[in-house]
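# Inside the fold
The primary structure of each chain is shown beneath.
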Amino acid sequence: MPNRLLFTGAIVATLLGTPVALACAFHTYLPERTVVDRLLETDQVVLARPAEGDPFRFAPVEIIVDGGRDVEIAQLVDSTTRRRLAIAPDETVVFAHDAETGGWARLGYMDESFAPVVEAVIEGRSRWQSGYDPARLALFAGLQHNPDLRQLVLRELDQAPYAQLRGIEMTIPVEELLDGLWSPQGYAYQPISVLLLGLSREDRARAEIRGFIDRVESWDRAQNLGPYATALVEIDGVDGVLRLEAALLSDPTQPLDKLEQVVEALAIHHGIGSDELRARIEAALSGLVEMRPEAAAAVARQLGTRQDWSQAKVLEAMMARSEFTSPAVLLPVASYVAMARQAGNVGQ
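Criteria and cut-off values
Starting from 1, residues in each chain are numbered consecutively following that chain's sequence as written. Reporting of local features is limited, given that this is a predicted model, to residues whose pLDDT is at least 70; pairs of side-chain atoms are given and counted only at 80 or more, and all residues count toward the totals for whole chains, interfaces and linings. Side-chain measures here rest on the full set of heavy atoms in the structure, leaving out hydrogens and waters. Secondary structure elements follow DSSP: runs of H or I of four or more residues count as helices, runs of E of two or more count as strands, with numbering from the N terminus. Accessible area is worked out with a 1.4 Å probe on protein chains only. A residue is then buried under 20% of its type maximum, exposed over 50%, and partly exposed in between. For this analysis, residues touch if any pair of their heavy atoms sits within 4.5 Å. Each accessible area value is a Shrake-Rupley result obtained with a 1.4 Å probe; residue values ignore everything except the protein chains displayed when judging cover. Structural elements are reduced to axes, namely lines fitted to C-alpha atoms, with helices fitted over the stretch in contact, and the angle between N-to-C directions of any two is expressed from 0 to 180 degrees. Each crossing gets its handedness from the near helix: less than a right angle anticlockwise from the far helix is left-handed, clockwise is right-handed. Gly is put with the polar residues, along with every residue not named as nonpolar or charged; the nonpolar set is Ala, Val, Leu, Ile, Met, Phe, Trp, Tyr, Cys and Pro, and the charged set is Asp, Glu, Lys and Arg. Just to be clear on terms, a salt bridge is a Lys or Arg side-chain nitrogen sitting within 4 Å of an Asp or Glu carboxyl oxygen. By definition, two strands form a pair when at least two bridges between them are found by DSSP. N or O atoms closer than or at 3.5 Å make up a polar contact, with two conditions inside protein: a donor-capable atom paired with an acceptor-capable one, and, for residues adjacent in sequence, both atoms drawn from side chains. Working definition of a nonpolar core: buried Ala, Val, Leu, Ile, Met, Phe, Trp, Tyr and Cys residues. They are joined through side-chain atoms within 4.5 Å.

Our focus in this paragraph is the overall build of the protein. Helix and strand content of the protein: 17 helices and four strands. In the protein, which comprises 348 residues, the share counted as buried stands at 51%. Of all intrachain contacts in the protein linking residues separated by at least 6 positions in sequence, the fraction that spans at least 24 positions is 66%. Carbon together with sulfur atoms contributes 51% to the accessible area of the protein, which is approximately 16500 Å² in total.

The next subject is the packing of helix H15 (residues 296-305) against helix H17 (residues 327-343). Interhelical geometry of H15 versus H17 gives an angle of 35° and a closest axis separation of 8 Å. As for the relative orientation of H15 and H17, their crossing is left-handed in sense. Between H15 and H17, the contacting residues are Ala296, Ala297, Ala300, Arg301, Leu303 and Gly304 on the first element and Ala328, Val329, Pro332, Val333 and Tyr336 on the second. By residue class, the composition of the contact of H15 with H17 is nine nonpolar, one polar and one charged.

Another point: the pattern of salt bridges. For the structure on display, the rule yields 25 salt bridges. Put simply, Glu175 and Arg204 hold a salt bridge, and the shortest N to O gap is 2.7 Å. Linking Glu175 in helix H8 (residues 174-180) with Arg204 in helix H10 (residues 203-216), this pair joins segments that are 29 residues apart in sequence. Assessed through its relative accessible area of 37%, Glu175 is described here as partly exposed.

Its identity as a non-glycine residue notwithstanding, Arg201 has a phi of 60°, on the positive side. Inspection of the secondary structure puts Arg201 in the loop between helix H9 (190-200) and H10. When its relative accessible area of 45% is taken as the criterion, Arg201 is described as partly exposed. One non-glycine residue, Gln307, lies in positive phi territory at about 50°.

As a further point, take the pairing of strand E2 (residues 54-65). Direction of pairing for strand E1 (residues 45-51) relative to E2: antiparallel, over a ladder of seven bridges. Bridging from a neighbouring strand, Ala51 pairs with Asp54 of E2.

The next point concerns the side chain of Ser310. Position of Ser310 relative to the elements: it lies in the loop between H15 and helix H16 (312-320). For Ser310, the side chain forms a polar contact with the side chain of Asp308, separated by 2.7 Å.

The next point concerns the sheet that holds E1. Pairing is antiparallel in the open sheet, where four strands are placed in the order E2-E1-E3-E4. Whereas interior strands pair on both sides, the edge strands pair on one side only; in this sheet they are E2 and strand E4 (104-110). Along the sheet, successive strands turn relative to each other by an average axial angle of 35°, direction set aside. With six bridges connecting them, strand E3 (residues 92-97) and E4 associate as antiparallel partners. Paired with His97 across the bridge in E4 is Trp104. With respect to the sheet, helix H3 (residues 79-86) is in contact with E1, E2, E3 and E4, its orientation differing from that of E4 by roughly 45°. The sheet contacts of helix H4 (residues 115-128) involve E1, E2, E3 and E4, and relative to E2 the element is tilted by about 40°.

With 91 residues, the main nonpolar core has Leu165, Leu196, Leu244, Leu266 and Leu315 as its most contacted residues. Discounting chain neighbours no more than four positions away, the residues touching Leu315 are Val289, Ala296, Ala300, Phe324, Val333, Tyr336 and Val337. Ranked by size, the runner-up nonpolar core spans 12 residues in total, among them Val46, Val93, Phe95 and Trp104.

Dropping the structure here:
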């Protein structure tokens, strides 16, 4: 039986994925790639202005990453850009070659705010292409004060591993983050905005975060519960975990997909928290699976992805008692326990 379990675990390990270092997978509506991602992925970047004799057509004026191909930009110069460029002869528009479409993606207007960003990314390409470089976070953390780059800054901060995000000095005004949370323009940036509110540790932020957790208790669905739960633990510590337990984890009527957002938040903090916080999180998660064995799949997924074996002993004992009757629960749990055994960290 043990060999069979290890074999099953090896097969199902891909369901858990490999360890990740994301701020969290909390953003839903934003496109996956940022402007910086596009600059890092492409093999050709050009600066363009309206062509001589044809103000509606873009023509390259400088190639800053040379992919060796001819540049034919099909996009027309819109009236706003045309007027801006007419009075700013030194400014340009940056385009990157899109390998998927074969065309050219417009990345931004090269004014005094955006040009230094493009230059810094191009300079860091060789380092940043191989993984998330702390210099990338440092660049955009230092641009929080610039309202012209606010959306790009929020997107980039959202790319950072949460442990690194916690280390920045948060300078975006809390009032501005609060004002944008529920606005049509700001809602897409709600996850990272909420995480930053948690890092601010300000009373106004705490009131918003606690209020959301109180409201969401009665909702069947809860978009962005994950970042709110993460921010609650960040701003309230052990008391935040206790609040999540009382409001959500101890309620057997809560939908499992909703609870998994809370489990993810706790898994994130378990990897970076104090001994006291880690102990409380372990108790909360073991209490959840013992009360609702079907929630063990979520716990296995979220901890397994992070190579966190703190619940392996609990889940192994539950497997021995045949408490998991559904393959949808048993398979991820078996994989988690098997990988914990292979790592030699069962129960640690």
